[in-house]
Amino acid sequence: MKIPKSLQPLVDDGLVDGVVTQLKSGKEASVYIVACGDRLRCAKVYKQAQHRGFHKLAEYQEGRKVRGSRDARAMGRRGRHGRELLETQWKSAEVDALYRLAEAGVRVPVPHGVFDGVLLMELVQDADGHTAPQLHEVEMTPAQAREWHTFMIRQIQRMLCAGLIHGDLSEYNVLVDAIGPVIIDLPQAVNASGNNNAFRMLERDVDNMRTTFGRAAPELLETQYAHEIWNLFKTGNLKPDTPLTGHFVHESAEADVNAVMDQIEEARLENEARLRPS
Ligand SMILES: Nc1ncnc2c1ncn2[C@@H]1O[C@H](COP(=O)(O)OP(=O)(O)OP(=O)(O)O)[C@@H](O)[C@H]1O
Ligand SMILES: [Mg+2]
């Protein structure tokens, strides 16, 4: 196909030899199959901030490392310099996450770098060499659903051990290749320590996987992995291979409201007595 303007710099630099086809054009990015020598790769072109719904970003960005306090202040002010910094950070966040996760043994596409705001990575393919389907397009037996659910929970556990939470994990952001699930779409990956929304995001990711696989294997809907994983993480006891049960006992002793009210009343009376002129 004709080379899109966004990919021309990569062609000029000899990183890409041709564009085979466009896979997708979404709200956040356009994704292409490109030829690099005799191999096919995947190129993800990020849209500019104004086309992306910038405001929702704050909760993901929290806790990300910024070089120097001056840059941090500029980003907080959202002037032109600050916006450019955020933009660069957004475009490198996904490749950073991919390198970190691949290193930690999480199944993600092998990253090849970001060039002119374009992410080049492995093209995930199925057994026939076609572009891999998204998880929601794949039919599963209950046994397959149970196996992949266990696998995905382990992947989430490994990501957290590497300090990251996906933050947008769903059956649309998991592809299925000849071996099994591959996790994609990580520009919003959240730093697990230093982000106040971390648990909420982890819980949403875990629950999305539960709902997806629970359609084929309903007993999975009873599992409670998010709290279990988070508790181990918070107490420094989470390792990539820590065994999990899927059960979590919530603190069940209810607060004794009456006792608390009695104590408040007692303190109030004491205080009154103290203030009363003797
Ligand atoms: N490495 C890859 N190999 C094969 N297909 C891919 C790859 N990366 C992305 N795709 C395809 O392109 C689609 C969009 O990619 P991705 O989810 O990363 O971008 P996005 O624009 O953020 O998507 P969305 O807004 O739909 O979540 C994926 O669902 C998948 O079908
Ligand atoms: Mg996506």
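Preceding this paragraph is the structure being described.
Scoring rules and cut-offs
Residues numbered from 1 in each chain as written. Chains lettered and ligands numbered in written order. Predicted model: local features only at pLDDT ≥ 70, side-chain atom pairs only at ≥ 80, totals over all residues. Helix = DSSP H or I, 4+ residues; strand = E, 2+ residues; numbered from the N terminus. Buried ≥ 20, exposed ≤ 12 C-beta atoms within 10 Å, placed from the backbone. Contact = placed C-beta atoms within 7 Å. Pairing = 2+ DSSP bridges. Axes fitted to C-alpha atoms, helices over the stretch in contact; angles between N-to-C directions. Near = placed C-beta within 6 Å. Nonpolar A, V, L, I, M, F, W, Y, C, P; charged D, E, K, R; others polar. Parallel < 35°, antiparallel > 145°, perpendicular 65-115°, else oblique. Left-handed = near helix turned anticlockwise from the far one by under 90°. Core = buried A, V, L, I, M, F, W, Y, C linked by C-beta atoms within 7 Å. Domains from an automatic or database assignment.

With respect to the overall build of the protein chain
For the protein chain, the helix and strand inventory stands at 8 helices and 9 strands. With 278 residues in all, the protein chain has 28% of them scored as buried. In the protein chain, of all internal contacts separated by at least 6 residues, the share reaching a separation of at least 24 is 58%.

Remarks on the environment of Ala-35
Structurally, the position occupied by Ala-35 is in strand E2 (residues 29-36). Taking C-alpha positions, Ala-35 is 6.1 Å from Val-19, a pair spaced 16 residues apart along the chain.

Focus: the pairing of E2
The sheet contact formed by strand E1 (residues 18-25) and E2 spans 6 bridges and is antiparallel. In the strand pairing of E2, Lys-24 is matched with Val-31. In textbook terms, the turn of a hairpin is the stretch between consecutive antiparallel strands, and for E1 and E2 this stretch comprises 3 residues. Summarising the sheet, E2 and strand E3 (residues 39-46) pair through 8 bridges and their orientation is antiparallel. Along E3, the bridge assignment pairs Val-31 with Lys-44. Hairpin connection from E2 to E3: 2 residues lie between these consecutive antiparallel strands, with Gly-37 at a positive phi of about 60°.

Some remarks on the sheet that holds E2
The strand order across the open sheet built from 5 strands is E1-E2-E3-E5-E4, with neighbouring strands paired in antiparallel fashion. Of all strands in the sheet, those with a lone pairing partner are E1 and strand E4 (111-115), marking the two edges. Neighbouring strand axes in the sheet, compared pairwise and without regard to direction, differ in orientation by 25° on average. For E3 and strand E5 (residues 118-122), the ladder comprises 5 bridges, and the chain directions are antiparallel. The residue of E5 that forms the bridge with Ala-43 is Leu-120.

Details of unusual backbone geometry
Positive phi, close to 50°, is recorded for Asp-116, a residue that is not glycine. Note on placement: Asp-116 falls in the loop between E4 and E5. The partly exposed category is assigned to Asp-116, around which 14 C-beta atoms lie within 10 Å. For Asp-185, which is not a glycine, the phi torsion comes out positive at approximately 65°. Among the structural elements, Asp-185 can be located in the loop between strand E8 (181-183) and strand E9 (190-191).

So, the site of ligand 1
Near ligand 1 you find 22 residues, and of these Gly-26, Ala-29, Cys-42, Val-124 and Asp-185 are the closest. Elements with a minimum of two residues in the shell around ligand 1: E1, E2, E3 and E5. When the residues that make up the shell around ligand 1 are grouped by side-chain class, the tally is 12 nonpolar, 4 polar and 6 charged.

Here's the deal with the packing of helix H5 (residues 142-161) against helix H7 (residues 225-234)
Two elements in contact, H5 and H7, have axes whose closest approach is 11 Å; the angle formed by their N-to-C orientations is 25°. Put simply, H5 runs roughly parallel to H7. Every pair of crossing elements has a handedness; the one defined by H5 and H7 is right-handed. Every residue of H7 that contacts H5 at Ile-153, Ile-156, Gln-157 and Leu-160 is listed here: Tyr-225, Ile-229 and Phe-233. Taken together, the residues of the contact of H5 with H7 sort by class into 6 nonpolar, 1 polar and no charged.

A word on the nonpolar core
The nonpolar side chains of a soluble globular protein tend to be buried, and buried together. Counting 60 residues, the largest nonpolar core has Ala-43, Leu-160, Ile-165 and Leu-202 as the members making the most contacts within it. Both domain 1 (1-122) and domain 2 (128-268) contribute no fewer than three residues apiece to this core. Filtering out sequence-adjacent residues up to four positions away, Leu-202 remains in contact with Leu-160, Ile-165, Ala-226, Ile-229 and Trp-230.

A short note on the environment of Met-159
Within the element layout of this structure, Met-159 appears in helix H5. Met-159 gets classed as buried once you count the C-beta atoms within 10 Å, which come to 27. What Met-159 contacts, discounting residues up to four positions off in sequence, is Leu-101, Val-106, Leu-164, Ile-165 and His-166.

A closer look at the packing of H5 against helix H6 (residues 198-214)
Where H5 contacts H6, the two axes come as close as 9 Å, and the packing angle between them is 170°. The angle between H5 and H6 falls in the class roughly antiparallel. Residue-level contacts link Ala-145, Trp-148, His-149, Met-152, Ile-153, Ile-156 and Leu-160 of H5 to Leu-202, Asp-205, Val-206, Met-209 and Phe-213 of H6. Along the lines of polarity and charge, the residues of the contact of H5 with H6 split into 10 nonpolar, 1 polar and 1 charged.

Focus on the environment of Arg-210
Residue position: Arg-210 is located in helix H6. Judged by the 21 C-beta atoms lying within 10 Å of it, Arg-210 falls in the buried class. Separated by 15 residues in the primary sequence, Arg-210 and Tyr-225 have C-alpha atoms spaced 9.2 Å apart. Setting aside residues no more than four positions away along its own chain, Arg-210 makes contact with Leu-220, Leu-221 and Thr-223.

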